[in-house]
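# Structural description and commentary
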Protein chains: 2
Amino acid sequence: MWEETVAEERLFDGRIIDVRRLTVKLPNGRTSTREVVLHPGAVAVLAEVEPGKVVLVRQFRKPCEQVLWEIPAGKLEPGEEPEHAARRELSEETGYETIGQLVPVHAFYTAPGFSNEKLHVYYTRDVKRGVEHPDGDEFVESRVVSRDEIRRMLEKGDIQDAKTLVALYWWMTRL
Amino acid sequence: MWEETVAEERLFDGRIIDVRRLTVKLPNGRTSTREVVLHPGAVAVLAEVEPGKVVLVRQFRKPCEQVLWEIPAGKLEPGEEPEHAARRELSEETGYETIGQLVPVHAFYTAPGFSNEKLHVYYTRDVKRGVEHPDGDEFVESRVVSRDEIRRMLEKGDIQDAKTLVALYWWMTRL
């Protein structure tokens with residue numbers, strides 16, 4: 001169960017993603033091609049800012065052409081530790097500062113069929129209120145939501161983002 | 001909270017994905033670019049093939065350069081209904097045939113920061129055993145796993161795929 005790369009074609013080098021076409025040797029000896037989107041990786045934070053309440057953000061996502069409810073998240077900068085990125089993104093997008101440790105929840109591939117994007121999700125309930133300070137070209141609204149509201153949003157299908165579903169269901173199973 | 005497309009550059013048209021660079025007008029009037037990976041969408045099935053036991057598959061994922069545990073899944077064919085694709089993929093990858101209805105669990109974006117891939121997850125416990133028949137170039141092993149094993153796999157971080165985490169945690173909260 002392994003596919004050896006026998007050729008690599010550089011299709012696109014972008015600001016955030018790079019795209020490659022790999023020719024691979026299959027276990028049966030035949031060759032095939034794989035279109036691969038290289039991504040620097042990302043982080044997300046489930047912050048329980050009051051007992052039983054977490055902070056969500058609303059943001060327009062151009063690829064989906066719609067506004068999504070998500071937990072605070074962002075890309076890793078080159079060489080950045082995921083935990084550092086998680087603190088930074090929570091603070092930028094919501095104003096909450098993490099005082100203590102972040103608990104690793106899960107690290108997973110978002111779209112393993114075509115991308116290597118790995119997402120690190122953390123949990124914290126050790127925060128203090130500060131002032132949000134998004135990037136100049138980032139438009140994000142944050143809202144603190146209770147456990148009952150989260151359950152209703154999950155049941156109604158209002159959460160349409162993979163990492164947010166993982167984090168919220170993880171939280172629900174712990175309560 | 002909207003980004004209007006003012007220009008579109010076709011970077012790559014592939015077998016599975018297409019890549020575009022969009023120039024967008026931000027809410028503050030400035031312009032920015034968005035790299036977008038267009039994907040046909042996909043389906044996945046959580047099949048409870050015996051009470052308290054679900055079927056997982058192991059598969060090498062070239063973008064991640066590793067074998068992942070996942071629920072059975074696959075891309076939508078052009079014009080295909082998600083439910084039809086779900087039945088097809090479950091049967092191909094595991095041999096289980098869905099007899100009755102598939103229950104929609106969640107539909108979500110896997111990587112909304114850079115892709116429009118939408119994944120439809122279904123649940124079924126109404127299956128009969130058949131014979132798996134993967135595509136000639138697909139190498140998939142399936143295994144039936146109990147609820148206790150799933151819990152251990154989740155705790156140990158053995159599940160590293162977003163859709164599979166969503167489906168399994170959803171299942172855990174229902175039990």
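All values derive from a computational prediction rather than experimental measurement.

Right, let's talk about the overall build of chain A for a bit. A tally of regular secondary structure across chain A gives 3 helices and 12 strands. Seen through its principal axes, chain A has C-alpha atoms that stretch 55 × 35 × 35 Å. Here the analysis covers contacts within chain A between residues at least 6 apart in sequence; of these, 54% occur between residues at least 24 apart. With the model as given, the accessible surface of chain A reaches about 7,700 Å², and the carbon-plus-sulfur share is 45%. Here chain A holds 25 positive side-chain charges and 31 negative ones, and the gap between their average locations is 4 Å.

Note: a rotation about an axis with an accompanying shift along it relates these two copies of the chain. The two copies are related by a screw motion: chain A maps onto chain B through a turn of 180 degrees and a shift of 0.0 Å along the axis, at an RMSD of 0.0 Å. What the rotation and shift describe, once combined, is the action of a two-fold rotation axis.

The subject of this paragraph is the sheet that holds strand β3 (residues 31–38) of chain A. Residue and element names in this part refer to chain A. Strand order in the open sheet made by the 3 strands is β1-β2-β3, with antiparallel pairing throughout. Edge positions in the sheet fall to β1 (4–13) and β3, since each has one partner strand and no second. Averaged over neighbouring strand pairs, the angle between their axes works out to 20 degrees when direction is ignored. Pairing analysis gives 8 bridges linking β1 to strand β2 (residues 18–25), with the strands arranged antiparallel. In the sheet register, E8 faces β2, and the bridge partner there is L22.

Next up on the list: the sheet that holds strand β3 (residues 31–38) of chain B. Residue and element names in this part refer to chain B. Here we have 3 strands laid out as an open sheet, ordered β1-β2-β3, and antiparallel in their pairing. Whereas interior strands pair on both sides, the edge strands pair on one side only; in this sheet they are β1 (4–13) and β3. Direction aside, neighbouring strands of the sheet carry axes that sit 20 degrees apart on average.

To continue, consider the packing of helix α2 (residues 147–156) of chain B against helix α3 (residues 162–174) of chain B. Residue and element names in this part refer to chain B. Contact pair α2 / α3: the axes reach a minimum separation of 11 Å and the direction vectors enclose 125 degrees. Taken as axis vectors, α2 and α3 run oblique relative to one another. Regarding α2 and α3, the two cross each other, and that crossing is left-handed. On the side of α2, the interface is formed by R147, I150, R151 and L154, while α3 contributes L165, L168, Y169, W171 and M172.

Below, the discussion takes up the environment of B:E138. All names here are of chain B. By secondary structure assignment, the location of E138 is in the loop between β11 (127–129) and β12 (140–146). The exposure class assigned to E138 is buried, which follows from its relative accessible area of 17%. Along the chain, E138 and Q59 lie 79 residues apart, while their C-alpha atoms are 8.5 Å from each other.

Quick look at the interface of chain A and chain B now. Many descriptions give the size of an interface as the accessible area lost when the pieces come together. The interface of chain A with chain B comprises 67 residues on the first partner and 67 residues on the second. Interface area, chain A with chain B, both sides summed: about 5,700 Å², of which 65% is carbon and sulfur. The interface formed by chain A and chain B holds 0 salt bridges in total. Every element with two or more residues in the side of chain A that touches chain B is listed here: β1, β2, β3, β5 (53–61), β6 (66–70), β9 (103–109), β12 (140–146) and α3 (162–174) of chain A. Take the side of chain A that touches chain B: its biggest share by element is 8 residues, from α3(A). For the side of chain A that touches chain B, the class distribution of residues is 34 nonpolar, 15 polar and 18 charged.

This paragraph deals with the UniProt feature "domain: Nudix hydrolase" (unreviewed entry) in chain A. What UniProt calls "domain: Nudix hydrolase" (unreviewed entry) maps, in this numbering, to residues 37–167 of chain A. Along residues 37–167 of chain A, the helical share is 22% and the strand share 42%, with 24 Å between the first and last C-alpha atoms.

Right, let's get into unusual backbone geometry. Residue and element names in this part refer to chain A. A positive phi angle is found at E65, which is not glycine, with a value near 55 degrees. With respect to the secondary-structure elements, E65 resides in the loop between β5 and β6. For E65, a relative accessible area of 34% corresponds to the partly exposed category.

Conventions and cut-offs
Residues numbered from 1 in each chain as written. Chains lettered and ligands numbered in written order. Predicted model: local features only at pLDDT ≥ 70, side-chain atom pairs only at ≥ 80, totals over all residues. Heavy atoms only, no water. Helix = DSSP H or I, 4+ residues; strand = E, 2+ residues; numbered from the N terminus. Contact = heavy atoms within 4.5 Å. Areas by Shrake-Rupley, 256 points an atom, 1.4 Å probe, with all protein chains shown as cover. Lys, Arg positive; Asp, Glu negative; His and termini not counted. Charge placed at Lys NZ, Arg CZ, Asp CG, Glu CD. Least-squares fit on C-alpha atoms with pLDDT ≥ 70 in both. Pairing = 2+ DSSP bridges. Axes fitted to C-alpha atoms, helices over the stretch in contact; angles between N-to-C directions. Parallel < 35°, antiparallel > 145°, perpendicular 65-115°, else oblique. Left-handed = near helix turned anticlockwise from the far one by under 90°. Buried < 20%, exposed > 50% of the residue type's maximum accessible area, 1.4 Å probe, protein only. Buried area = accessible area lost by both parts, 1.4 Å probe. Salt bridge = Lys/Arg side-chain N within 4 Å of Asp/Glu carboxyl O. Nonpolar A, V, L, I, M, F, W, Y, C, P; charged D, E, K, R; others polar. UniProt positions renumbered as here; feature names shortened; annotations may be inferred.

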